Amino acid sequence: MAEGLWDPDGTPNHIAEILTPSEISHWSEELQWIGAAPRFHYILGAYYYGEYDMYRSRQTFFGGASKSGYKNFNKLKSYAAYGHGSWTPPILNDKLSLTAGLRITQEQVHPDHLVTTASGGPFNAKGGKAFGGIHGAGAPGIDPMGDISYQWTDDLMTYFRVTRGFSGGGFDPSGTLPQLFRSFNPETLWAFEAGVKSQWLNNRLRLNADGFFSYYKDMQVSVFMASPTLGTLSVASNAQRAEIWGMEFEATAIPFRGMEATVTYSFLAPKYTKWLDQQFDANNQPIFDSSGKPVLVNVADTRTFAAAPRHQITAGLTYTAPPTTTGTFSAHVDVYWQDKVAYVPSNQTPGAQADEGWAYALVNGRLAYTGIPLQKGSLDVAVYSRNLLDRKYRTYGIDFGFAGNMYGDPRTFGLQLTYNYTAGAEPVAPPPAPVAQAAPPPPPAKKKIVLRSVHFDFDKATLKADVKPILDEAVQVLTQEGSVDIIVEGHTDSVETDQYNLGLSRRRAETVRTYLLDHGIAKSRITAEGMGESKPVASNDAADGRAQNRRVELHVK
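Residues numbered from 1 in each chain as written. Predicted model: local features only at pLDDT ≥ 70, side-chain atom pairs only at ≥ 80, totals over all residues. Heavy atoms only, no water.

K.L.:
Would you take a moment to explain the packing of aromatic side chains for this structure?
P.N.:
When we look at a pair of aromatic rings, we describe it by the centre distance and by the angle of the planes. Scanning the model with the defined rule gives eleven aromatic pairs in all. Residues Tyr360 and Tyr393 carry aromatic rings whose centres are separated by 4.5 Å and whose planes lie at 25 degrees to one another, so their mutual orientation is stacked. Here the residue Tyr360 occupies a position in strand E23 (residues 360-373), and Tyr393 occupies one in the loop between strand E24 (378-386) and strand E25 (394-399), the gap between them amounting to 33 residues. Both residues of the pair, Tyr360 and Tyr393, count as buried. Each member of the aromatic cluster is reached from another via a ring pair, and the members are Trp190, Phe192, Phe213 and Trp245. (Phe/Tyr/Trp six-rings, centres within 6.5 Å; stacked < 30°, edge-to-face > 60°. Helix = DSSP H or I, 4+ residues; strand = E, 2+ residues; numbered from the N terminus. Buried < 20%, exposed > 50% of the residue type's maximum accessible area, 1.4 Å probe, protein only.)

Rendered as structure tokens:
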């Protein structure tokens, strides 16, 4: 349950007050089957999501001279089934990887709407609609994907990817007239992306870049309107056609030991190409025809993508001193800059600047001393500052005919203390053996084969050429030790989510397992497990540490 009172005029006067209590309950279930065959890895799954929400809005303007409000109840059910597979064909020295997938989504939305307005009085409206699957033109809920990547060298990979996405439709929750309480269509997207990932200078320089094009159909957009009689409206509608061109670039360099420099840049060029939207008159009243249907007009040339700055740049430096017996010192500074941005797609007052935010830059810094040994455990101490230069910048704005603005936090300082209560703890000694009995003989030491050199490129589960001689040596050892069963453990760095890394680690383990099977090791002797990012052998804070963590180990059962 969330209760929020918003004072958009930002003054002590009671010009505009909006109370928005809301309550949301949701639940979800997902079932996955992850498997592998020689040169092929796959995931099959089913997903269910349910939601019940209540959203209210009570709006008061000019000390009560104008009042409006609405209450909306909404039920949502979503079902999906999906499959995803990756194949490495036996050509081109295993450098080519092909991936394909398909997802089918079906949703049902059932709203119950009760509204009280100052002008039109109360009204009730109910509805229900199914979205996705084969409902609608082009079967919007059926989403394929495909990816082709090529590992030119151990340090250079290129890829091309195409995907289709789906977002279910719904009903406008804030329509304060029966004519405005209408459904909006599902949103579909075709996205095309091509990129390169590379490492240079013995992994001391990483350069990644990509370019993309996204084509939207029935893009879902909320358009803000402020009406003297209907209150503030966020009218949900569909922009029939929209597209986004863009590119991203990131670089990470280690100029000398302990120093890491990062730079990221993104470029966006979005535009609406067709948008038939509700027409409003000079007094911001919606216009309807004689049958009560909304009068639509093409507004594509007058609308702007919200929250989409054309340029964004981040640059940072991190220095980590050599560790000492008393701890490790590190210092970090970064600068973020973004181009001007629009806050809402439309501007109600020509020439007003409330709906736009100008370009700004923020500087942040952090000093830390970590791993300070204590009698038990260790202590990390850090001081930080956000917006170090005390930049005043706007994060949101709405044009009511006057500006309603929100600003980012001013210069902020903080102190962070972290106590690691298990760090450096001595292992607990086992209890002594009973006097009346002889101590049992210690178990035989397990053999352990750690393939520390079997490393993988970022986000890849294909073997590099330089690790195959090491695997061949492992095959020879396992052939000589015919009674030994092994566990193949896959590991990742900490980039991406826990769930994604768990799947990636399993695919890496299955890649090594498949290699051993193909070279004569019996299937019954090998078990493959994915450990995700749970067992790092080096710090994930630096590029070389992350490279060490992208590995596979073999352990004797």
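Still more to cover.
K.L.:
How should I be thinking about the nonpolar core in this particular structure?
P.N.:
Of all hydrophobic cores here, the largest spans 19 residues; its most connected members are Ile486, Val488, Val512, Leu516 and Leu554. Mapped by element, the contributors of at least two residues to this core are helix H1 (468-480), strand E29 (486-490), helix H2 (498-518) and strand E31 (552-556). Among the nonpolar cores identified, the runner-up in size contains 16 residues, and Tyr216, Val221, Ile244 and Val299 belong to it. (Core = buried A, V, L, I, M, F, W, Y, C linked by side-chain atoms within 4.5 Å.)

K.L.:
Just checking my understanding: could you explain the pattern of salt bridges for this structure?
P.N.:
Pairing of side chains with opposite charge becomes possible as their charged atoms draw close. Evaluation of the coordinates by the stated rule reveals nine salt bridges. Close ionic contact of Arg39 with Asp94 constitutes a salt bridge, the shortest N to O distance being 2.7 Å. Residue Arg39 is found in the loop between strand E3 (22-37) and strand E4 (40-61), and its partner Asp94 is found in the loop between strand E5 (66-87) and strand E6 (96-117); the two are separated by 55 residues along the sequence. Residue Asp94 is classed as partly exposed on the basis of its relative accessible area of 21%. Between Arg551 and Glu553 there is a salt bridge whose closest N-O contact spans 3.1 Å. This pair shows no difference in class: Arg551 is buried, exactly as Glu553 is. Ionic contacts of the salt-bridge type, sharing partners, join the residues Asp147, Arg161 and Glu193 into one network. (Salt bridge = Lys/Arg side-chain N within 4 Å of Asp/Glu carboxyl O.)

K.L.:
Which parts of the structure should I look at to understand the layout of surface pockets?
P.N.:
If a probe the size of a water molecule is rolled over the atoms, the empty space left behind becomes visible. Estimates place the volume of the second largest pocket at around 1100 Å³. Taken together, 36 residues form the lining of the second largest pocket, with Gly258, Thr320, Asp541, Ala542 and Asp544 sitting closest to its centre. Secondary structure elements with two or more residues in the lining of the second largest pocket: strand E16 (259-274), strand E19 (311-320), strand E20 (328-338), E23, E24, strand E27 (412-420) and helix H3 (543-549). In terms of residue class, the lining of the second largest pocket is made up of 13 nonpolar, 16 polar and seven charged. (1 Å grid on protein atoms, 1.4 Å probe; cavity = no way out; pocket = protein on both sides within 12 Å on 5 of 7 lines; lining within 4 Å. Points joined across faces, edges and corners; volume = space filled by probe spheres on them. Nonpolar A, V, L, I, M, F, W, Y, C, P; charged D, E, K, R; others polar.)

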